[in-house]
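Geometric and topological summary
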Amino acid sequence: MALPSVASLRQQFALDSISFYEPAPDFPAVRVENRLGRAEIAIQGAQVMTYRPAGQEPVIWLSTDAKFKPGKSIRGGVPVCWPWFGPHDEDAAKPGHGYARTVPWGLRQAVELDNGATQLTFTLEESDATRAMWPQATPVELQITVGESLRLELTTKNMGSEPVVLGEALHTYFVISDIAKIAVQGLEGASFYDKVDGMARKVQKGPVTVGAEVDRVYVDTNADCWIHDPGLKRRIRVHAPAANSTIVWNPWQEKADQMGDLGETGYQGMICVESGNALDNRVTLPAGKSHAMMVKYSVEAL
Ligand code: BG6
């Protein structure tokens, strides 16, 4: 399945608050700009790349070295990890974090809401290549609402006749003033798997602060998280009541250097606080049922 052309998207969707462009040749994206906020979303992966509420600093981080190439994941924004999170359970050859972030999605609807927000609905385009990785019949939709806050809702339907076990996460990269000076609140007392310590199971004491590589999957917690950022005089609220896992990740310098698309000092200005259902919290979706995971990002002044 190929990505659509900007010309065909322009023909299908004419709305004052949206425009189509190419961050790189043959790599279409949609820009949303309304009185409440602004966002850029790649058609591949239905991946939000940037978001800024009107009159405020950017909230979603995109690497200065991000690559916009079909089949490659974009470093930054809100990658959709689906239908598994992290490495595939049985087949290491399958892509980490699933395939949703590296395949074309279709823009199905674009509407302006009464409150001034713009809402886009995407569905993943199934193809022989996606079916080879995931034969189950589970159409998935992402609804993105760009307004005073950024809201995403990922909905999976099981159209098959057997239950399906699903892993998922919205792998969001946030803009921060300085990794050494921020704290993530809301995970106090939660239990986590520490990926940088052989998946050891630990309990979070106090807010999460970062002074080295951090890669943790917090489980059985759906409380709001707050990225407390005195440098930007704000806190970002992460509200995701149907996400029972939170992943906190910063690769720190050495890993970032090896990655090659995080920017020279990129790791200092970003943190991933990902809302999902991973590891122990994977969702068993009965035949005929739907499952939705909503996240909402909003900003408060400190
Ligand atoms: C995090 C994982 O969610 O994503 C990390 O916990 C991983 O282990 C990181 O390194 C980035 O993954 P990727 O595939 O986008 O480089």
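If you're wondering where the values come from, they're calculated on a predicted model, not measured in any experiment.

Surveying the vicinity of the ligand reveals the residues Arg 75, Phe 85, His 97, Arg 101, His 171, Lys 195, Asp 215, Ile 247, Trp 249 and Glu 274. Note that an oxygen atom of the ligand is positioned 3.0 Å from one of the side-chain N or O atoms of Arg 75. At 2.7 Å from an oxygen atom of the ligand is found a side-chain nitrogen or oxygen belonging to His 171. Among the residues making up the shell around the ligand, the classes are represented as three nonpolar, two polar and five charged.

Bringing the sheet that holds strand β2 (residues 27-33) into the picture now. Here four strands make up an open sheet; going across it, the order is β1-β2-β3-β4 and the pairing antiparallel. Unpaired on one side and paired on the other, β1 (18-24) and β4 (47-53) mark the two borders of the sheet. Taken pair by pair, the neighbouring strands of this sheet meet at an average axis angle of 20°, ignoring direction. The pairing of β2 with strand β3 (residues 37-42) spans five bridges and is classified as antiparallel. By the bridge assignment for β3, Arg 31 is matched with Glu 40.

Here we come to the side chain of Gln 119. Assignment of secondary structure puts Gln 119 in strand β7 (residues 118-124). Setting aside residues no more than four positions away along its own chain, Gln 119 makes contact with Gln 109, Ala 110, Val 111, Leu 113, Gln 143, Ile 144 and Thr 145.

About the cut-offs
Residues numbered from 1 in each chain as written. Predicted model: local features only at pLDDT ≥ 70, side-chain atom pairs only at ≥ 80, totals over all residues. Heavy atoms only, no water. Near = heavy atom within 4 Å. Polar contact = N/O pair within 3.5 Å; in protein donor to acceptor, adjacent residues only side chain to side chain. Nonpolar A, V, L, I, M, F, W, Y, C, P; charged D, E, K, R; others polar. Pairing = 2+ DSSP bridges. Helix = DSSP H or I, 4+ residues; strand = E, 2+ residues; numbered from the N terminus. Axes fitted to C-alpha atoms, helices over the stretch in contact; angles between N-to-C directions. Contact = heavy atoms within 4.5 Å.

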